[in-house]
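Here is how the chains run, residue by residue.
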Amino acid sequence: MEFDRRDFLKLSLTAGAASALSGAISVFDNDANAAANKEGFEPLPNINIGGIIRPPGALPEKEFRAKCISCGVCVNVCHTMKYDTLSIAGLSDLKNFGLPYVKDTRDFPCALCMECLKSCPTGALQPVKKEDVKMGMALIDLSICFGWNGDVCLSCSKACPMGATIFDFYNGEWGNQPMINDKCVGCGLCAKFCPLGGSAIKIITRDEYKKVKDNYLADFKKTMNMTNEERYNLVYGVNLPLIMSRGRIIEREYRD
Ligand code: SF4
Ligand code: SF4
Ligand code: SF4
């Protein structure tokens, strides 16, 4: 099911839905984040990406696995284009051994040049229009995104090759509050250019997104419906310390 700005608004306005939120489990586990940051090991939001992200134009997983002959042409083409988005799974991942996958988009986003899928000799990667690519889905961690915590930050939306069709902004006194809708192609350019330490955006598989979408939207709605006092306590009591600790972790990584 696709959702868009209208769905968000509908969710926000649905009478009685608020009570359902009290039991909502956050996709982004703040306690886990805080604990991880305290230990200094994990600068990422605690989100499961749900497995492997395949190159753009990849057939559905079962067919992709049947058609791909592990020739590595897509990986070489991507390397030649100097994007280095793709790699081939090695012995550490026997289930996917020999198959191409998208590396961490925070470092190697897909530029959607579409050269890899044009070069695939077996049709495991199929020609597709850029706007119809469905590599994955970008989720913004509302607890650490600058735009959701009193700031104005447009970096993700500026980096997005799909631009205005993907981003909705809920501007208000707590920031410019960006949301990414289902038209996202999963290229990861937003994750790469998010200025937050380790990125406030994670690209997850479409299957994983189906699982977490309801909780994510519930978090969105809950945040939007907070009173000013509740929001103040959340931003200043919980989120800003999280943001600061992530900043320090990245700073330390850079110094090492
Ligand atoms: S579309 Fe271009 S950048 Fe993206 S994976 Fe293929 S070759 Fe690499
Ligand atoms: S929101 Fe991010 S992952 Fe989605 S299309 Fe835009 S830049 Fe790519
Ligand atoms: S670039 Fe990062 S911090 Fe800035 S609005 Fe987007 S997700 Fe939030």
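Cut-offs used in this document
Residues numbered from 1 in each chain as written. Chains lettered and ligands numbered in written order. Predicted model: local features only at pLDDT ≥ 70, side-chain atom pairs only at ≥ 80, totals over all residues. Core = buried A, V, L, I, M, F, W, Y, C linked by C-beta atoms within 7 Å. Buried ≥ 20, exposed ≤ 12 C-beta atoms within 10 Å, placed from the backbone. Helix = DSSP H or I, 4+ residues; strand = E, 2+ residues; numbered from the N terminus. Domains from an automatic or database assignment. Contact = placed C-beta atoms within 7 Å. Near = placed C-beta within 6 Å. Nonpolar A, V, L, I, M, F, W, Y, C, P; charged D, E, K, R; others polar. Pairing = 2+ DSSP bridges. pLDDT = per-residue confidence, 0-100.

Participant: Would you explain the nonpolar core in this entry?
Facilitator: Side chains of nonpolar character tend, in soluble globular proteins, to be buried together. Core analysis: the biggest nonpolar cluster contains 51 residues, and Ala-138, Leu-139, Cys-190 and Ile-201 have the highest contact counts within it. Broken down by secondary-structure element, the contributors of at least two residues to this core are helix H5 (73–80), helix H6 (115–119), strand E3 (137–140), helix H8 (189–193), strand E6 (201–204), helix H9 (206–224) and helix H10 (228–255). Among the elements that line this core, the one with the most residues is E3, at four residues. Per-domain counts for this core show at least three residues from each of domain 1 (5–50 + 136–255) and domain 2 (61–132). If near-sequence neighbours (up to four positions away) are discounted, Ala-138 is found in contact with Ile-180, Cys-184, Gly-186, Cys-190, Ala-191, Ile-201 and Ile-203.

Participant: Before we go on, may I ask you to explain the site of ligand 1 in this structure?
Facilitator: Inspection of the region around ligand 1 gives 15 residues, with Cys-78, Tyr-83, Cys-110, Cys-113 and Cys-116 positioned closest. Broken down by secondary-structure element, the contributors of at least two residues to the shell around ligand 1 are H5 and H6. Among the residues forming the shell around ligand 1, the class breakdown is 13 nonpolar, one polar and one charged.

Participant: Any chance you could explain the pairing of E6 here in plain terms?
Facilitator: Remember that side chains alternate between the two faces of the sheet whenever the strand is regular. Because side chains alternate across E6, one face comprises the buried residues Ile-201 and Ile-203, and the other comprises Lys-202 and Ile-204, equally buried. As judged from the four bridges shared by E3 and E6, these two strands associate in the antiparallel manner. Across the sheet, Ile-140 pairs through a bridge with Ile-201, a residue of E6.

Participant: Help me understand the site of ligand 2, please; the structure alone is not making it clear to me.
Facilitator: The immediate surroundings of ligand 2 are formed by 14 residues, with Ala-138, Cys-160, Cys-184, Cys-187 and Cys-190 found nearest. For the shell around ligand 2, the class distribution of residues is twelve nonpolar, two polar and no charged.

Participant: Is there a simple way to think about unusual backbone geometry in this case?
Facilitator: Keep in mind that most residues, glycine aside, have a negative phi and that most peptide bonds are trans. A positive phi angle, near 70°, is found at Lys-82, a position not held by glycine. Examined against the element boundaries, Lys-82 turns out to sit in the loop between H5 and strand E1 (86–88). What makes Lys-82 exposed here is the crowd of 8 C-beta atoms within 10 Å. In the Ramachandran plot, Asp-84 falls in the positive-phi region, its phi being about 55° despite a non-glycine side chain.

Participant: When you look at the confidence of the model for the protein chain in this model, what are you seeing that I'm missing?
Facilitator: Should the pLDDT be low somewhere, the predicted coordinates at that spot are not to be read in detail. Summary statistics for the protein chain give a mean pLDDT of 82 and a share of 79% for residues scoring 70 or more. Looking across the protein chain, the model is least confident in helix H2 (residues 17–21), with a mean pLDDT of 31, and most confident in H5, with 98. Low pLDDT, under 50, characterises residues 1–44; the stretch is placed with 62 contacts to residues that sit more than four places away or in other chains.

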